[in-house]
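Residue-level listing of the chains:
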Amino acid sequence: MEFETISTVPTADEVLDRSLRRAAAKRKLKTNVDSANEEFVRAVAKAIHDKLKSVVSSFPSFERLSPFYQEVTDILVSLDRLKRSLGAVNWAADQVWIIGSDYTRSMRSGVDTASKRRQAVARIASIVHQVEDDLVYLNEARNILRKLPHVNDDDFTVVVAGFPNVGKSSFIRLVSTAEPEIAAYPFTTKGIIVGHHEIGKRDRVQLVDTPGVLERPAEERNPIERQAVSAIINAADVVLFILDPSEHCGYTLDDQLRLLDEIHRIVDVPVVTVANKADIQGIEGYPEMSTLTGEGVEAVFGLLLTHKKEATKTNLREPPQPETQE
């Protein structure tokens, strides 16, 4: 997954300290004082330039990410802020290289190289400190993004949606490899959890367990709820919407049905609606299951698989696109 390769982003002082130590070691290898000062500036500039460039390159190209990851990244850390900080660090790397190159050229005359060395280091340090806040922000973003689960675009994906505490995590646990935290209070799921159900040796279904989505205006939803909406819109091949007719989840059935209507409006994939907690209370017109007793769970999963089969048939029926003539 793209975010796992992002390296720890050092602070401005860490960048400077490491680079100055390396440059000092190279300086000692020179017996001529003027050559030593020139080598010191060159080594400092190169070390800082290379380190800052490596910070930028360790982040993925966000334009190439799937819509799901672009949306979730924007929710969690702000894509615009992330791009601005990466641009600032890239600018600092270029400026450090220019300053170092200018000073090393001027030092070849052998005139006052010690003073020029100090000036060069001061200017370079000033540039690095200008992007100190950006470096701190990038490291914080890195720590958040590395925790995102891997959602494979190529797998048939079931997004499980509904109000908090209706049984979404319990269903995922019963039919997949995921081990979501299960508890009898709302908002147990604090982020998106991904599980897989293997079908034979080469095929599998990907199940995405979302945080409970509250039935309220989009602008009032918190980042966790917005992650859930993003998963529903951008990752789903089919949505499993779970109702709790018993209302033990803490929300009325009318509220749950209003949220179901919203889900139908925002997605263009099939929505399978089932009633959970059938051991307590059922509801006419919907398939029923109980994630507590296991009753009906296998049948619901089988219903989801029919949509996978239909998607496969549709893909097989699609004719090849004709080649365009120049």
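Here is what the cut-offs are and how they apply
Residues numbered from 1 in each chain as written. Predicted model: local features only at pLDDT ≥ 70, side-chain atom pairs only at ≥ 80, totals over all residues. Heavy atoms only, no water. Helix = DSSP H or I, 4+ residues; strand = E, 2+ residues; numbered from the N terminus. Buried < 20%, exposed > 50% of the residue type's maximum accessible area, 1.4 Å probe, protein only. Contact = heavy atoms within 4.5 Å. Areas by Shrake-Rupley, 256 points an atom, 1.4 Å probe, with all protein chains shown as cover. Expected span 1.5 Å × (residues − 1). pLDDT = per-residue confidence, 0-100. Pairing = 2+ DSSP bridges. Right-handed = clockwise from strand over helix to strand, strands pointing away.

Undergrad: It is not clear to me how the overall build of the protein chain should be interpreted in this structure. Could you clarify?
TA: Tallying secondary structure elements over the protein chain gives ten helices and five strands in all. Of all 326 residues assigned to the protein chain, the portion counted as buried reaches 46%. Of all intrachain contacts in the protein chain linking residues separated by at least 6 positions in sequence, the fraction that spans at least 24 positions is 69%. Roughly 17000 Å² of accessible area belongs to the protein chain as shown, and the carbon and sulfur atoms make up 48% of that amount.

Undergrad: I keep staring at helix 8 (residues 223-235) and nothing clicks. Help me out?
TA: Given 3.6 residues per turn, any residue in an α-helix points the same way as the ones three and four places further on. With 13 residues, helix 8 should cover 18 Å at 1.5 Å per step; its first-to-last C-alpha distance of 17 Å lies within 8% of that length. Within the span of helix 8, buried status applies to Glu225, Gln227, Ala228, Val229, Ser230, Ala231, Ile232 and Ala235. As for helix 8, its buried residues are in contact with helix 3 (67-77), strand 1 (156-161), strand 3 (203-209), strand 4 (238-243) and helix 9 (253-266).

Undergrad: Would you take a moment to explain the confidence of the model for the protein chain for this structure?
TA: Residues shown with low pLDDT carry predicted positions that ought not to be read at fine detail. For the protein chain, per-residue confidence averages 86 on the pLDDT scale, and 89% of positions sit at 70 or higher. Low pLDDT, under 50, characterises residues 322-326; the predicted model gives this stretch zero contacts beyond four residues in sequence or across chains.

Undergrad: Got a minute to help me understand the pairing of strand 5 (residues 271-275) in this structure?
TA: The side chains of a regular strand alternate between both faces of the sheet. The buried fraction of strand 5 is high, at five of five residues. Side chains Val271, Thr273 and Ala275 project from strand 5 onto one buried face, and the interleaved Val272 and Val274 project onto a second face that is buried too. The pairing of strand 4 with strand 5 spans five bridges and is classified as parallel. Along strand 5, the bridge assignment pairs Val239 with Val271. Between strand 4 and its parallel partner strand 5, the chain crosses via helix 9, and the hand of that crossover is right-handed.

Undergrad: I'm lost on unusual backbone geometry in this one. Help?
TA: Most of the time, phi is negative for any residue but glycine, and the peptide bond is trans. The backbone of Asp112 shows a phi angle near 50 degrees, a positive value even though the residue is not glycine. Counting through the fold element by element, Asp112 comes out in the loop between helix 4 (79-107) and helix 5 (113-130). Positive phi is not limited to glycine here, since Lys277 has a value of about 60 degrees. Mapped onto the elements, Lys277 comes out in the loop between strand 5 and helix 10 (297-317).

Undergrad: Explanation requested: the side chain of Gln256 in the structure shown.
TA: Assignment of secondary structure puts Gln256 in helix 9. The contact partners of Gln256, leaving out residues within four places of it in the chain, are Phe163, Val166, Phe241, Ile242, Leu243, Asp244, Cys249 and Tyr251.

Undergrad: Any chance you could explain the environment of Ala92 here in plain terms?
TA: The topology assignment puts Ala92 in helix 4. Along the primary structure Ala92 and Leu52 are separated by 40 residues, whereas in three dimensions their C-alpha atoms are 7.6 Å apart. Ala92 has contacts with Leu52, Ile127 and Val131, leaving out every residue within four places of it along the chain.

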